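# Remarks on the overall topology
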Amino acid sequence: MVSRMAALTSLSSVQFRVSDILGTRLKPCPLIQIRTTNTSVKPFVIEARNNSRVESPKTRHRRSRKKFNGTQTKPRLSVFCSDKQLYAMLVDDFNKKCLFYGSTLQKSIRGDPPCSVIEAAKRVGEELIKASIDLKISEISSYDRNGNARGERMQAFEIAIAQHGFLP
């Protein structure tokens, strides 16, 4: 019986017999640890980006700014439309200067009896043409709308500029 116990304990197994007197109960070996892993799978969820309408004009503007730079003879025309107003700038990116600035808020453009914002946007375009003739600018390097769509104010501004042949 002793040789039988010695033979059982010498085997490299996870379980061994306690004794023949107590029966054939099996007991796990405390020296070898058995790991149990929790295999819970997370569900696949597709989430939309927050404020995707706000982010897309910004990303479009960033992408276009990498491509186009203005110089003193061929500046970049940057136009921004807020909810109520229009702002236009001729920008020399090489020297980091603003050659012309005009907006629909300026009293000289708005007039003494205030006109509509669309009419003021058209006047901003006309003032831009006058300033470009004074600065001896015949063309622009790029027309930068800051990633925004063309609304009524932007279209009125573009009509005034297109008559001069400024749009690329």
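In the block above lies the structure referred to throughout.
Described in the following lines is the structure provided in the data block. (Residues numbered from 1 in each chain as written. Predicted model: local features only at pLDDT ≥ 70, side-chain atom pairs only at ≥ 80, totals over all residues. Heavy atoms only, no water.)

## With respect to the overall build of the protein
To be explicit about the condition: Each helix is a run of DSSP H or I of at least 4 residues and each strand a run of E of at least 2, with the numbering of both proceeding from the N terminus. Summary of the burial criterion: residues with accessible area below 20% of their type's maximum are buried, those above 50% are exposed, and those between are partly exposed, where the area comes from a 1.4 Å probe applied to protein chains only. It only takes one pair of heavy atoms within 4.5 Å for two residues to be counted as in contact. Surface accessibility follows the Shrake-Rupley procedure with a 1.4 Å probe radius. Residue values consider only the protein chains on display as shielding.
Within the protein, the regular secondary structure consists of 5 helices and 6 strands. Ordering the α and β elements of the protein from the N terminus gives α-β-β-α-β-β-β-α-α-β-α. Here the protein, with 168 residues, has 29% of them falling under the buried criterion. Summarising the internal contacts of the protein: among those between residues at least 6 apart in sequence, 54% fall at separations of at least 24. Split by element, the accessible area of the protein, about 12800 Å² in all, is 54% carbon and sulfur.

## What to know about helix α4 (residues 117-134)
Cut-off, in case you're wondering: Expected helix span is given by 1.5 Å per residue-to-residue step, counting one fewer step than there are residues.
Helix length check: α4 (18 residues) gives 26 Å between terminal C-alpha atoms against 26 Å at 1.5 Å per residue, within 8%. Each element contacted by the buried residues of α4 is listed here: β3 (76-81), β4 (86-92), β5 (97-103), α3 (107-110) and α5 (152-164). Taken from the residues just after α4, Lys136 is the one with a positive phi, measuring 60 degrees.

## Section: the nonpolar core
Defined as follows: Among buried residues, those of type Ala, Val, Leu, Ile, Met, Phe, Trp, Tyr and Cys that are joined through side-chain atoms within 4.5 Å constitute a nonpolar core.
Among the nonpolar cores identified, the biggest contains 22 residues, and Leu77, Val79, Leu90, Leu128 and Phe157 are the most heavily contacted of them. Ranked by residues supplied to this core, first place goes to α4 with 5 residues. With near-sequence residues (within four places) excluded, Phe157 lies in contact with Leu77, Val79, Leu86, Ala88, Ala121, Val124, Gly125, Leu128 and Tyr143.

## So, the pairing of β4
Two faces, one strand: in a regular strand the side chains alternate between the faces of the sheet. Keep this limit in mind: Strand pairing is assigned whenever DSSP identifies at least 2 bridges connecting the two strands.
With respect to burial, β4 is a largely interior element, 5 of its 7 residues being buried. Relative to β4, β3 is paired through 6 bridges, and the arrangement is antiparallel. By the bridge assignment for β4, Leu77 is matched with Leu90. The antiparallel hairpin formed by β3 and β4 contains 4 residues in its connecting segment. In terms of strand pairing, β4 meets β5 through 6 bridges, oriented antiparallel. Across the sheet, Val91 pairs through a bridge with Cys98, a residue of β5.

## What to know about the pattern of salt bridges
Basically, it comes down to this: Salt bridges are counted wherever a side-chain nitrogen of Lys or Arg sits within 4 Å of a carboxyl oxygen of Asp or Glu.
Counted by the stated rule, this structure contains 3 salt bridges. Among the ionic pairs, Glu127 bridges to Lys130, the shortest N-O distance being 3.8 Å. Within this pair, Glu127 and its partner Lys130 are both found in helix α4, separated by 3 residues, close to a single helical turn. Judged by relative accessible area, which is 33%, Glu127 ranks as partly exposed.

## Thoughts on the packing of α4 against α5
The cut-off we apply is this: Each axis is a line fitted through C-alpha atoms, and for a helix only the stretch in contact is used; angles between axes span 0 to 180 degrees, taken between their N-to-C directions. Here is the rule for angles: anything less than 35 degrees is roughly parallel, anything more than 145 is roughly antiparallel, 65 through 115 is roughly perpendicular, and the remaining ranges are oblique. Note: crossing handedness is left-handed where the near helix turns anticlockwise from the far helix by less than a right angle, and right-handed where it turns clockwise. Note on residue categories: nonpolar means Ala, Val, Leu, Ile, Met, Phe, Trp, Tyr, Cys or Pro, charged means Asp, Glu, Lys or Arg, and polar means any other residue, Gly included.
Taken N-terminus to C-terminus, the directions of α4 and α5 make an angle of 30 degrees; their axes are 8 Å apart at the nearest point. With respect to α5, the axis of α4 lies roughly parallel. Remark: the crossing between α4 and α5 carries right-handed chirality. Mapping the contact onto sequence places Val117, Ile118, Ala121, Lys122, Val124, Gly125, Glu126, Leu128, Ile129, Ser132 and Ile133 in α4 and Glu152, Arg153, Ala156, Phe157, Ala160, Ile161 and His164 in α5. For the contact of α4 with α5, the per-class residue count stands at 11 nonpolar, 3 polar and 4 charged.

## Overview of the sheet that holds strand β6 (residues 142-144)
Reading across from one edge, β5-β4-β3-β6 is the order of the 4 strands in this open sheet, with mixed pairing throughout. Lying at the two open borders of the sheet, with one neighbouring strand each, are β5 and β6. Pairs of neighbouring strands in the sheet enclose a mean axial angle of 15 degrees, with direction left out of account. Packed onto the sheet, α4 meets β3, β4 and β5 and runs at close to 150 degrees relative to β5. Along the sheet, α5 contacts β3, β4 and β6; its crossing angle with β3, the most-contacted strand, is approximately 150 degrees.

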